[in-house]
Structures are given as structure tokens and as C-alpha cells.
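Structure assessment
The chain contents come next:
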Amino acid sequence: MPAQLIDGRAVAATIHERVRLAIAARVESGLRAPALATVLVGADPASQVYVRNKRQACAKLGIRSVPCELPVSVSQVELLAELDRLNADDSIDGILVQLPLPKHLEANALIERIRPDKDVDGFHPYNIGRLVQRNPALRPCTPLGIIELLKSVGETFYGRRAVVVGASNIVGRPMALELLLAGVTVTVAHRFTHDLEHFVRDADIVVVAVGKPGLVRGEWVREGATVIDVGMNRLEDGSLVGDCEFEAARRRAAFITPVPGGVGPMTVAMLMQNTLVAAERRQA
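Residues numbered from 1 in each chain as written. Predicted model: local features only at pLDDT ≥ 70, side-chain atom pairs only at ≥ 80, totals over all residues. Heavy atoms only, no water.

Named according to an unreviewed UniProt entry, the protein chain is Bifunctional protein FolD originating from Banduia mediterranea. Entered under Pathway (unreviewed entry) in the UniProt record, the comment concerning the protein chain runs "One-carbon metabolism; tetrahydrofolate interconversion." (UniProt positions renumbered as here; feature names shortened; annotations may be inferred.)

Here it is in C-alpha cells:
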């Protein structure tokens, strides 16, 4: 029997509605709506689409969107000054710098410049450190969204074994921390890992986030496992595929995320939730 698809759009819609109702209640009680500043540098088409989706979500949920668009020629010093301005603005609860940035800009320095209590992407070292210490504050959106997807299919977490394929700062590393926090035994595989097949076959939960189509072979997936595919790869024919061989994996797994429509919608949903959380904590 083929695996059940984990519908990221449906789970995200539930979270959006929860956030919308909470914001409406805040406004009705006399508090201002949360505000999210989105910083976009240059005119990269993919980044423009991502930022537009985030701003549209803000509009639907009652979050005030503060656009901040800068030319590709902006210097590091100028961008740091803009972040300082947003940090000092008490009417703004969250700041997001859309990645990737032009090569002349140092992303890590910019992320560290954002106030931790406004870091709704959850990438600041303070927020990652809080997650390491099992005392999370604002949490990275994609890994947190994956935890919500796993909860939606009744994942029990305790004592389960997971492999996270990919060790990026955005997904892989914080994903491992989120799974540890949930009580899972976690292995992180990366480009220096030997015998990836062994670790995938041993896992109850497989999270793959590398950006290489078909990296994880479907026959490696153990019977009854849950597969979360974060990959988004466009083939020559224009189709989108993940990092795992979908059809073969679906024949063995119990649950699997489609690409698209799986993890992607959750990232924006958790960003909206983080913006609400940031506003509540700052205005408490």
C-alpha cells in the first residue's frame, strides 16, 4: 500500500488560521498588530517570489508588512545601518533578510546584527544556542515546520531513530536539534558520510535537505518509515522533484511529503507564527 501523503498545504492552513485568530483577538483587545520587516536586496526572481509570498501571507493574517527593498549595489555598512534602524523601531516585531544575498555581502554578520528577539527566521546564534540548551526562543522556521508535519501524522518521537541528510545551518543542523528536543535518536549525514544507505535503512524518520535530486534511493527507505523531503530541484523538463526518489520511496514508507506541497508551505506558516510569538513576547 503506498505511503500516505503529508499535506503541507493543509497543515499550514491550520496554522495560518490559528495565527489569524490570535492576531484578531490581540487587535480587539487594544494591542497593535504584529509587524514584519522583509529586507530584499537586488532583484533575484526567486527571492522576489519568496518575499512576495511572505508579504501576501502577512496581509491575509493581519500582520503589518514593512517592505525594505535595497539595490544590489548596497554596501555591507549601509545594510548594517538599515538593520540597526529596524532594530531600534519599536513598532517592528520581526526582521527577515531574504537569502541568498549578493556575493559582496556577508550574511552571517547581517544575521548576527538582527536583535535576537526580532530574529523571526531563528538563525541568530543566540536563538540557535537556546535550542541547543533545550530552552528554545525563536526557532528556525523550516525545522519547526517539519516537527509540525510529523505531529500531524501522529509521530510519537520518543525512542525513534532519525537520519537527517544534510548539515546546513538553515535546515540540517537545527533539524537535528529539534528532533533531539522531541526525544528522537538522531544521526546527521553529510558529504563526508560513508555508506549513506546504511543510515537511511536504519531510520524510522528520514529528513533529506541537500538539493540533489534522487540522492536518497527509494529502496533504501525502510518499511513503514516517514520521509520528509525538503529538496526542491527543477529538472530540464521544468518539473520539480525532491532529493528522494519519490515513487520508489512511497512504495515502502508509511508517510511521505510531496514536492511541491510538502515542506515548502510550512516555512511561511512558521514564519508567521514566529512573528506573532515575537510580538507577544515584546509586548508582554
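Another point: helix H7 (residues 172-182). Within H7, eight of the 11 residues are buried, which leaves it mostly tucked inside the rest of the structure. Along H7, the residues that are buried comprise Gly172, Pro174, Met175, Ala176, Leu177, Glu178, Leu179 and Ala182. Turning to H7, the residues buried within the fold contact helix H5 (125-132), helix H6 (141-152), strand S5 (161-165), strand S6 (185-189) and strand S7 (205-208). (Buried < 20%, exposed > 50% of the residue type's maximum accessible area, 1.4 Å probe, protein only. Helix = DSSP H or I, 4+ residues; strand = E, 2+ residues; numbered from the N terminus. Contact = heavy atoms within 4.5 Å.)

All right, on to the nonpolar core then. Counting 43 residues, the largest nonpolar core has Leu36, Ile146, Leu179, Val207, Ile228, Val230 and Met272 as the members making the most contacts within it. Those elements giving two or more residues to this core turn out to be helix H1 (8-28), helix H2 (45-61), H6, S5, H7, S7 and helix H10 (264-283). Here the element with the most residues in this core is H10; it accounts for eight residues. The residues contacting Ile146, other than those within four sequence positions of it, are Met175, Val207, Ile228, Val230 and Val263. (Core = buried A, V, L, I, M, F, W, Y, C linked by side-chain atoms within 4.5 Å.)

On to H2. A rise of 1.5 Å per residue sets the reference length of H2, with its 17 residues, at 24 Å; its end C-alpha atoms lie 25 Å apart and thus fit the reference within 8%. Buried within H2 are the following residues: Ser47, Val51, Lys54, Arg55, Ala57, Cys58 and Leu61. The buried side chains of H2 occupy one side of the element, clustering within an arc of 155° when seen end-on. Seen from the buried face of H2, the exposed residues on the opposite side, beyond 90 degrees, are Pro45, Ala59 and Lys60. On its buried face, H2 sits against H1, strand S2 (35-41), strand S3 (64-70), strand S4 (94-97) and H10. Gly62 sits one or two residues past H2 and shows a positive phi near 95°. (Expected span 1.5 Å × (residues − 1). Arc of directions from axis to C-beta.)

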